[in-house]
Each structure stands twice: as structure tokens, then as C-alpha cells.
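# Close look at the chain arrangement
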Amino acid sequence: MKLSLVVPCFNEEGNIQKMYDETVRVFDGKIDDYEFVFVDDGSTDGTYHILKRLYENQSKCDIQVLSLSRNFGKEAAIYAGISNATGDLICLIDADLQQRPEVVLQMLKVMESDEDTDCVTAYQKVRHESRLMCCMKSVFYKIINKASKADFKNGASDFRLMKRKVADAIIQMGEYHRFSKGIFGFVGFNTKYIPYTAEERHSGKTKWGARKLFSYAIDGIISFTTFPLRLATFLGLLSAFLSVIYIIAVIIEKLAFGIAVPGYATIIVLLLFLGGMQLFSLGILGEYMSKVYIQVKQRPIYILKEHLHK
Ligand code: UDP
Ligand code: MG
């Protein structure tokens, strides 16, 4: 069985050679038939040249290099890689050596031990993150698991090994806004989870700051659930209900005590509250509309500049 390692690379010049060497060393004698599918996601450093050199000097295994025309993001890079992988088994792995090739061997073992397993996913048991970040992540998983039919496991990474049929199902999901955690959950299949510890980045720094992660989380919720739309309806109903109660209270007050002193503060508060809620609901609608807008244009998920392959 042939294994394809899909490696998205964005400005990873300090990591690729080492990642390649380590993988070849670890796989030596254990896996005979494998290929690297490196996806250069519009890097602006020397990543492409290193990949090209690797391709030209390949001897130990097959190498494909897909060079995208600009930075399309990790999700698009993964899609490009999976779409061009030729293996019966496909493994997604980062270029920065945070995800060790030894874990790939473990995943293969798990896959081989039970032929019903279609996908093996590594999850981080311990995270080297602040309490606040962990807490926000767990809130995110609670929300998205409640609101969506797909299954999301907290801590499960993109680091996973899958059979061809799972990869084909993922390729079929041609949506433009790709939220891979959701896509993996949506396609289903028998998935096993194994723990792993993410190492320190070998070189360079992460492209995922807190702000990018937050917007990624919002994108995920919008892409895989419609509950925010319902939230808007619910808030509208709630405010309508409260206003009816308030009107009844005002009428009773008038009948019992005559004209009350005009409530300046009440008016301002209500005005701000309702205005805020209307804008909030419009914002939610806008979020969905923008996704629909981009999707109906049917833009390609990635554009290939060059494809080095045999
Ligand atoms: N990556 C990519 N395109 C991007 C951002 C990241 O292909 O726009 C790749 C990156 O080169 C790495 C992997 O995705 O191989 C994970 O990125 P990173 O290490 O920055 O994320 P983290 O490990 O911190 O979650
Ligand atoms: Mg990383």
C-alpha cells in the first residue's frame, strides 16, 4: 500500500529539509512505498527553491511539489495536496516538525490492527497554551458540537491518516470556505483517535495568532451550523415578548396612577438595546450572505502555478 504524505508549507524554508530528512530516517526499513506531496502555499521565502532542489535530487521516495499561485491558506493547500496524492493511504502532516513522523508509524499500526478503521486522528493530550486559550477552545467545541450534526473532538488536529475513500469524500466537498475540522466530522467514517504531544516548532513562527484563530472559529461556526440565524430570530421574539409585557405594565400604570413621569432613561436604554440587536442580527445575516456570495461565484479553491511530478 502506498502512503502519501501531504505537507502544506507556507514560509517554511528552515524546516523542510529537516522534516524530509527526519521522515526518511524514521520510515527507513518500515515503509517501502511512500511519496511526499509538498504544497507550497505561496511562500515568499526560499521554500519553493528548497522544494525544487528536493524534487530534483529525489532518490529515496517519490516527491511531488505543488506550487500555488499565491497564499490560499492551509485549508486550500491541504485540499490541493489531497487532490493530487496518489497513495492508497493519505496522511496530513505539518512542515514544522511539531508533528513527528514517528506518530505516523503509530497511526499506521492502529490502522492496520483493525481493517474497519478508515481514519486515524492524532489529538493533543496536553496543550502548551494559556488557560484562557484552552478555555476559549473548549467553549468553541461545546458550541459547535451542540449546534452541528458533525462530530468535533476537542484537540483533534489536522494530523491524520486516512484511507483513499475518506480522501475522495473530502475532495467531493467542494466548498470554498473550508473548515477542515468540520469537513472531517461531516464525512464521517470510522475514526480512531490517538494522543500525541506537539513538539516545539523547529524553526520560524506560527501563522496562527489569537485574532486569526478567533476569526477561524467564527468561520467554522458559520460554515457548519445555522444556529446564529436562529439566535437572531430568538432574540427578536424575546424582545417582542418583553415589549408586550412592558406595554401592559405601562397601561396598568396609567389606569392606576394616571400619567407617570416620562421615562427618559428607559427610552434611551430600549433604543440602544433594540438598535444593537438589530445590527447584531443584520451582521449575522451578512456573514452568511457573504459566504453564499463567494460560493455562488464558484471560484477555484486554489490555483496551481506549477506542478513538479513524475
Ligand atoms: N500553512 C499553510 N498556509 C498558511 C498557513 C500555514 O500551508 O497560510 C502550513 C504551515 O506551513 C504548516 C502548517 O500549515 O506546515 C501549520 O501551520 P502553523 O505551524 O503555522 O500552525 P500551528 O502548528 O501553529 O497550528
Ligand atoms: Mg505548527
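Below you will find a few notes about this structure. (Residues numbered from 1 in each chain as written. Chains lettered and ligands numbered in written order. Predicted model: local features only at pLDDT ≥ 70, side-chain atom pairs only at ≥ 80, totals over all residues. Heavy atoms only, no water.)

## As for the side chain of E12
For clarity, the threshold we go by: Labels follow the DSSP assignment, with helices taken as runs of H or I lasting at least four residues and strands as runs of E lasting at least two, numbered in each case from the N terminus. Note on exposure labels: buried denotes an accessible area under 20% of the residue type's maximum, exposed denotes more than 50%, and partly exposed covers the range between, all computed with a 1.4 Å probe on protein chains only. Polar contact is defined as a pair of N or O atoms within 3.5 Å, subject to the rule that within protein one atom must be able to donate a hydrogen and the other to accept it, and that residues adjacent in sequence are counted only when both atoms are side-chain atoms. The contact rule is simple, with two residues in contact once any of their heavy atoms fall within 4.5 Å.
In this fold, E12 is placed in the loop between β1 (3-9) and α1 (16-27). Residue classification places E12 among the buried residues on the basis of a relative accessible area of 5%. A polar contact of 2.6 Å, which involves the side chain of E12, links it to the side chain of N15. Once residues within four sequence positions are removed from consideration, E12 is found in contact with D45, T47, A95, D96, R201 and K207.

## Some remarks on the environment of S43
Take S43: it is sitting in the loop between β2 (34-40) and α2 (47-56). Along the backbone, S43 and I222 are 179 residues apart, and their C-alpha atoms lie at a distance of 28 Å. Look past the residues within four positions of S43 in its chain and what remains in contact with it is C9, F10 and N11. A distance of 3.4 Å separates a polar side-chain atom of S43 from the backbone oxygen of C9.

## Quick word on empty space enclosed by the protein
By rolling a water-sized probe across the atoms, one finds the places where empty space is left. Our working rule: Of the two site types, the cavity is a set of points on a 1 Å grid over the protein atoms alone where a 1.4 Å probe fits but cannot get out, and the pocket is an open set with protein on both sides within 12 Å along at least five of seven lines, each lined by residues with an atom within 4 Å of a point. Grid points are joined across faces, edges and corners, and a volume is the space filled by probe spheres set on the points. For this classification, the nonpolar set comprises Ala, Val, Leu, Ile, Met, Phe, Trp, Tyr, Cys and Pro, the charged set comprises Asp, Glu, Lys and Arg, and every other residue, Gly included, is treated as polar.
Overall, the coordinates contain two cavities of 30 Å³ or more when judged by the stated rule. Around the largest cavity sit E75, I78, Y79, I82, I170, R178, S180, I183 and F184, which together line it. Taken together, the elements giving at least two residues each to the lining of the largest cavity come down to α3 (74-84) and α7 (180-187). The residue makeup of the lining of the largest cavity, split by class, is six nonpolar, one polar and two charged. By volume, the second largest cavity amounts to about 30 Å³. Forming the walls of the second largest cavity are V6, P8, K74, I78, L92, I93, D94, Q99, D158 and F159. Contributions of two or more residues to the lining of the second largest cavity are made by β1, α3 and β6 (156-163). Of the residues in the lining of the second largest cavity, the class split is six nonpolar, one polar and three charged.

## A short note on the packing of aromatic side chains
Put simply, the test is: Side-chain rings of Phe, Tyr and Trp, where Trp is taken by its six-membered ring, are said to pair if the distance between their centres is within 6.5 Å; with planes under 30 degrees apart they count as stacked, over 60 as edge-to-face, and otherwise as tilted. The criterion for a charge sitting over a ring is simple: Lys NZ or Arg CZ within 6 Å of the ring centre, and within 35 degrees of the ring normal.
Counted by the stated rule, this structure contains 13 aromatic pairs. Between the aromatic rings of F27 and Y34, the centroid separation amounts to 5.0 Å while the plane-to-plane angle is 85°, which identifies the pairing as edge-to-face. Here Y34 falls in the buried class, since its relative accessible area comes to 5%. Judged by centre distance (5.4 Å) and plane angle (75°), the ring pair of F159 and Y196 falls under edge-to-face. Of this pair, F159 sits in strand β6 while Y196 is found in strand β7 (residues 191-196), placing the two residues 37 residues apart along the sequence. Pair check on accessibility: F159 and Y196 agree, each one buried. A network of ring pairs unites the aromatic residues F140, Y141, F152, F179, F186, Y216 and F224 as a single cluster. Looking at R70, its charged tip hangs above the ring of F72, at a distance of 4.0 Å from the centre. The cationic tip of R160 hangs over the ring face of F184; the distance from NZ or CZ to the ring centre is 3.8 Å.

Geometry only, nothing functional implied.
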